[in-house]
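Summary of structural features
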Amino acid sequence: MARQMMIYESAVPVSHSRHEKWSVDAGTDFGFSRQINSVPLTAVEFPAAASEYVIIFAGTGDVVMPAVLLGVREEENLYLAEGGGWKARYVPAFLRRYPFVFSSRDDGKTLTLCIDESFPGCNRDNVGQALYEGPGKPSQYTQNVLKFLQQYQVEFDRTQAFCRKLRDLNLLEPMQAQISLESGERIALRGFMTVDRARLKTLSSEKMAELVKSDEMELIYAHLLSMRNFAGMRERLSAAAPVTAVAANADPQPGEARSAAPAQPAA
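Below, the structure is looked at part by part. (Residues numbered from 1 in each chain as written. Predicted model: local features only at pLDDT ≥ 70, side-chain atom pairs only at ≥ 80, totals over all residues. Heavy atoms only, no water.)

Helix-helix packing is characterised by the crossing angle of the two axes and by the distance between the axes. With their axes 12 Å apart at the nearest point, helix α4 (residues 140-168) and helix α7 (residues 216-226) run at an angle of 80 degrees to one another. The orientation of α4 with respect to α7, classified from their angle, is roughly perpendicular. Note on element contacts: α7 touches α4 through Glu216, Leu219 and Ile220, opposite Phe162, Lys165 and Leu166. (Axes fitted to C-alpha atoms, helices over the stretch in contact; angles between N-to-C directions. Helix = DSSP H or I, 4+ residues; strand = E, 2+ residues; numbered from the N terminus. Parallel < 35°, antiparallel > 145°, perpendicular 65-115°, else oblique. Contact = heavy atoms within 4.5 Å.)

And the structure:
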């Protein structure tokens, strides 16, 4: 299971027999994301996310997905504020769907709505939004959640197609970022990919036109522009430790500290 899914401690299918009297007080507490350093991002989110996050690509083999970096160390989220608030205007949909998630036992052919019962906002005290409003009848809130997750799944599938195209065009290149602290510690973030600008320029006019027509070129440039936000990551990290320099795509040096790679993508 991908590391991001660890935010779900006890996800079970939503059912009338089990959750008839349950309500959910979602609130704005993102404390559940405290120990993740990246989350998946769908392509439709690129324009909103590119101004505040570093958008990278992560995965292995045939499974590659975009993600936004939340931290440069393992189990570190620099976007989480004290009290569970979020230190950015845009919150990725992956986090906004919590405590709900789809599960599947047949490779996505059938999707089941699940809820993380460990979420503190789950209650039987009628606080927040009820999951059911009658015998076997999901409430409007539950129906809206279901629609949100269905749309999320649609965008997730579209994003996978976009990533397959990037891979087929050989545009993705392994990259790393290095951060040096005043203490002398150096942190190398590895295990992610970015679009290679030089390879992009060598595409045929037909391939370029295809990317433009499909609006995928806009996504590529949003991703490339988001690389500037590594400086913002440095500023966020400085709240915990002084930073003296940031270098992207730098070679690691013997003895330097290495952070964990960004968490692998998950639906």
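Let us look at helix α8 (residues 230-238). Residues Phe230, Met233 and Leu237 constitute the buried set of α8. Along the axis of α8, the buried positions cluster into a sector of 45 degrees, meaning they face one direction only. (Buried < 20%, exposed > 50% of the residue type's maximum accessible area, 1.4 Å probe, protein only. Arc of directions from axis to C-beta.)

Here we take up the pattern of salt bridges. In this structure the tally under the stated criterion is eight salt bridges. Its salt-bridge partner being Glu76, residue Arg73 comes within 3.3 Å of it at the nearest N-O pair. Overall, the relative accessible area of 23% leaves Arg73 in the partly exposed class. Here Arg158 ties to Glu155 by a salt bridge, and the two come within 3.1 Å at their closest N and O atoms. Highlighted residues: Arg158 and Glu155, both in helix α4, separated by three residues, approximately one helical turn. Accessibility expressed as a relative area gives 13% for Glu155, which makes it buried. If you follow the salt bridges from partner to partner, you end up with Lys165, Glu210 and Glu216 in one network. (Salt bridge = Lys/Arg side-chain N within 4 Å of Asp/Glu carboxyl O.)

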